[in-house]
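These are the residues of each chain, in order.
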Amino acid sequence: MKPSDFAYALTKYLSAYLPGQCNASENTVCAYRDTFKLLLRFADTQRGICPERLTLADVDKSFVEGFLSWLETVQGNAVSTRNHRLAGIHAFFRYLQSEKPDMMLQCQQVLSIPVKRTVKPTVNYLTVDAVKTILSMPDTSTVYGMRDLALLGLLYDTGARVSELIELRPKDLRLAAPPVVTLFGKGRKSRQCPLSSEMTGHLVKYLSAWGLDAPEKSDHPLFVGHNAEKLTRAGVAYILSKYASAAREKDASTIPTIVSPHMLRHSKAMHLLQAGVNLVYIRDWLGHASVKTTEIYARADSEMKRAALQKAASTVMPQQSRQSSWSEDVELMKWLSSLGK
């Protein structure tokens, strides 16, 4: 069977254009690929068009709107997920505009589909004491306990995304003074985060115990599972959840029911902000493209808001006079003493 124009265009887009021309990361390509896997399933199950017969002409504005509605009503996707899928489709049709000028009108009609407004999520973060409790849970007398402490400590200390953490290699660590770790974030952008002396000490012990300090291991995954393969996102989430549950038994008041890896990233940002670190430095620490993204932490920190409110109130509100005790009134005490004479 002759390949359809949709199959040809999509294959070229995912396998050549994104990685070759755009230098898109593997995660980005996979995210776009997953969007089109769902779109092909929608075409097959909802429109009766098998994937090998789907053409570019079929994927018009009405088709895409039906797909987005299907994601929300049938697949149960949140609005934010629906918007991510639409972003992938928009990117593909922007590519098509230059590849197929005769489809310009159809492309612009698809590109005109707006994203839905979403409620901005609350920034959930842990207190410093909660982080300390979780990090005290791994049994460092075992090699896997040492791995888990190094993993969770590094996740918090650097504010790294899970995708950045699981891609680390021993060569990305510089444990000599001043110790830093090089992280590779979205868009293949790299950044360096300083490491605390405590974190550095744990990493030195971990690398030695696992034999990762040998030169031939410099390009080996920094964190692996029981199968000797690089840890996955799910694996990191499982490890954190296990120790969060143990910490909750010890201190249920400070450990929330659900603790995600990204919550450690939020926690680091909030703790830096509460320590007086400038938002610009926190932006660079987290690898945000704009300080506007980092501003969510300033808006979310109720403790800082209360402190600022109290400070502002104390500078403009009249000071209330202190109510002295009757026992401190010297003249009154003299008079009372004289009554007994």
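Residues numbered from 1 in each chain as written. Predicted model: local features only at pLDDT ≥ 70, side-chain atom pairs only at ≥ 80, totals over all residues. Heavy atoms only, no water.

### Re the side chain of Thr200
- Along the chain, the position of Thr200 falls in helix α9 (residues 197-209).
- Within the structure, the side chain of Thr200 is placed 2.8 Å from the backbone oxygen of Ser196, a separation counted as a polar contact. (Helix = DSSP H or I, 4+ residues; strand = E, 2+ residues; numbered from the N terminus. Polar contact = N/O pair within 3.5 Å; in protein donor to acceptor, adjacent residues only side chain to side chain.)

### With respect to the pattern of salt bridges
- Overall, the coordinates contain 11 salt bridges when judged by the stated rule.
- Where Arg33 meets Asp34, a salt bridge forms, and the shortest distance between an N and an O atom there is 3.1 Å.
- For Arg33, a relative accessible area of 37% gives the class partly exposed.
- Close ionic contact of Lys230 with Glu167 constitutes a salt bridge, the shortest N to O distance being 2.8 Å. Of this pair, Lys230 sits in the loop between α9 and α10 (233-250) while Glu167 sits in the loop between α8 (162-165) and β1 (173-174), and the two are 63 residues apart along the sequence.
- Through salt bridges with shared partners, a single ionic network connects Glu72, Arg82 and Lys116. (Salt bridge = Lys/Arg side-chain N within 4 Å of Asp/Glu carboxyl O. Buried < 20%, exposed > 50% of the residue type's maximum accessible area, 1.4 Å probe, protein only.)

### Notes on α10
- Taking 1.5 Å of rise per residue, the 18 residues of α10 would be expected to cover 26 Å, and the 26 Å separating its terminal C-alpha atoms lies within 8% of that figure.
- Along α10, the residues that are buried comprise Gly235, Val236, Ile239, Leu240, Tyr243, Ala244 and Ala247. Burial along α10 is one-sided: seen end-on, the buried residues are contained in an arc of 170°. Away from its buried face, by an angle of more than 90 degrees, α10 presents the exposed residues Ala234, Tyr238 and Glu249.
- Looking at the buried positions of α10, the neighbouring elements they touch are α6 (128-135), α7 (143-158), α8 and α11 (261-274). (Expected span 1.5 Å × (residues − 1). Arc of directions from axis to C-beta. Contact = heavy atoms within 4.5 Å.)

### A few points about unusual backbone geometry
- Look at the link from Ala177 to Pro178: it is a cis peptide, with omega at -10°.
- Backbone geometry at Asn23 places phi at a positive 55°, although glycine is not the residue there.
- Phi at Ala228 is positive, roughly 65°, even though this residue is not glycine.
- With respect to the helices, strands and loops of the structure, Ala228 is situated in the loop between α9 and α10.
- With a relative accessible area of 52%, Ala228 lands in the exposed category.

Any link to function would need more than the numbers given here.
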